[in-house]
Amino acid sequence: MSTVTVRAPEGADAARVATLLAGVVPGPSETAEELGADLPAWPAGDAWVLDEGDRLAGFATVRRRGALIADGDLVALPGSEQPLVELIERRAADWRAPVLRVTPRGSGSDLAGLGYRLVRTFLRLGVDSAAFVPPAEAPAELLPVEPADPRLYQLEQTCFAASWGFVPETYPQWRDRVGRRPPAPSFVALAAGDAIGGIYCTYRYGWGWVRSLVVAPAARGRGVGAQLLGAAAAALDASRLGLEVDELNEPARRLYARAGLREIDRERFFEKELRA
């Protein structure tokens, strides 16, 4: 029987984790270069790799989101999830988080047996940049901005407040989270000088990736979202464009379908209430 070891990740693990992800995730996954930059940034006790003999069988991280939720991300070979889930739960208990949300990359086959329930599914969509369908109209003035522009923060905190999974953040918290990924072309949509929409992007999985697209309720239905998406697609230095969308968000799904984005993967969120 192979020896099972759980330990903190090291920079040398980046290529092995990238190989593991590529083997179990049907859509795009982190490159070795991206992981090499990310792994050293994880605080001690918030990330782990699982070795089974000479092979890497799992990788997991957890972070705190406000006072109520801890978020765990997990990729593991079938049958190897439980030790990593137990470590994620232990860390969430240290934070006294009443709810733990775990997102498996791949099957997540062990989670139901460990007391988790599926609560939401997000679709990962993608399109070749050359196949992107640009909008026909430009209803707003677009201003190029940095991804951490305060106007994008205000739009997101206001417009997403009722969205599933939203956790309020202070501007410094939001800015620090946005800054963890390489910056990419981002825009604010203006009407009479007021910000009515925005989009901020990064480079992820070797793609241009839309991290957030938001339009104020009073400005919806005018084509502002399509205009923002088209501006980002044209400005990104990548051969493919991707994003994630809530499976239940029908208006956004229609917008992305019109632009040519198609489903490439699904991200599932499982939750478990932790005992005090």
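Refer to the preceding data block for the structure.
Presented here is a report on the structure given in the accompanying data block. (Residues numbered from 1 in each chain as written. Predicted model: local features only at pLDDT ≥ 70, side-chain atom pairs only at ≥ 80, totals over all residues. Heavy atoms only, no water.)

1. Looking at the pattern of salt bridges
As enumerated under the stated definition, the model contains 25 salt bridges in all. Across the pair D176 and R175 runs a salt bridge, and its minimum N-O distance is 3.7 Å. Residue D176 is classed as partly exposed on the basis of its relative accessible area, which comes to 45%. The partly exposed category is assigned to R175, whose relative accessible area is 35%. Here the residues in one salt-bridge network are R7, D13, R16 and D51, joined through shared partners. (Salt bridge = Lys/Arg side-chain N within 4 Å of Asp/Glu carboxyl O. Buried < 20%, exposed > 50% of the residue type's maximum accessible area, 1.4 Å probe, protein only.)

2. Considerations on the packing of aromatic side chains
Scanning the model with the defined rule gives 9 aromatic pairs in all. Between F122 and F269, the aromatic rings sit 5.4 Å apart at their centres with planes inclined by 70°, giving edge-to-face as the arrangement. In this pair, F122 is assigned in strand β6 (residues 117-128) and F269 in strand β12 (residues 262-273), connecting sequence segments 147 residues apart. On the basis of relative accessibility, which here comes to 12%, the residue F269 falls in the buried class. Each ring, one from W174 and one from Y200, has its centre 5.5 Å from the other, and the planes form 85°; the classification is edge-to-face. Of the two residues, W174 is situated in helix α5 (residues 171-178) and Y200 in strand β9 (residues 194-204); the sequence distance between them amounts to 26 residues. The two residues W174 and Y200 agree in class, both being buried. (Phe/Tyr/Trp six-rings, centres within 6.5 Å; stacked < 30°, edge-to-face > 60°. Helix = DSSP H or I, 4+ residues; strand = E, 2+ residues; numbered from the N terminus.)

3. A closer look at the side chain of E30
The residue E30 is located in the loop between α1 (14-24) and α2 (32-38) in this model. The exposure class assigned to E30 is buried, which follows from its relative accessible area of 10%. Only 3.3 Å separates the side chain of E30 from the side chain of R105, close enough to count as a polar contact. When residues no more than four places from it in sequence are discounted, the contact partners of E30 are A18, L21, L35, R105, R181, R204 and Y205. (Polar contact = N/O pair within 3.5 Å; in protein donor to acceptor, adjacent residues only side chain to side chain. Contact = heavy atoms within 4.5 Å.)

4. Regarding the layout of surface pockets
Put simply, the second largest pocket is a space of about 210 Å³. Forming the walls of the second largest pocket are 14 residues, and the residues nearest its centre are P135, A136, A226, L255 and R258. Secondary structure elements with two or more residues in the lining of the second largest pocket: α6 (224-235) and α7 (250-258). The biggest single contributor to the lining of the second largest pocket is α6, with 3 residues. For the lining of the second largest pocket, a count of residues per class yields 9 nonpolar, 2 polar and 3 charged. (1 Å grid on protein atoms, 1.4 Å probe; cavity = no way out; pocket = protein on both sides within 12 Å on 5 of 7 lines; lining within 4 Å. Points joined across faces, edges and corners; volume = space filled by probe spheres on them. Nonpolar A, V, L, I, M, F, W, Y, C, P; charged D, E, K, R; others polar.)

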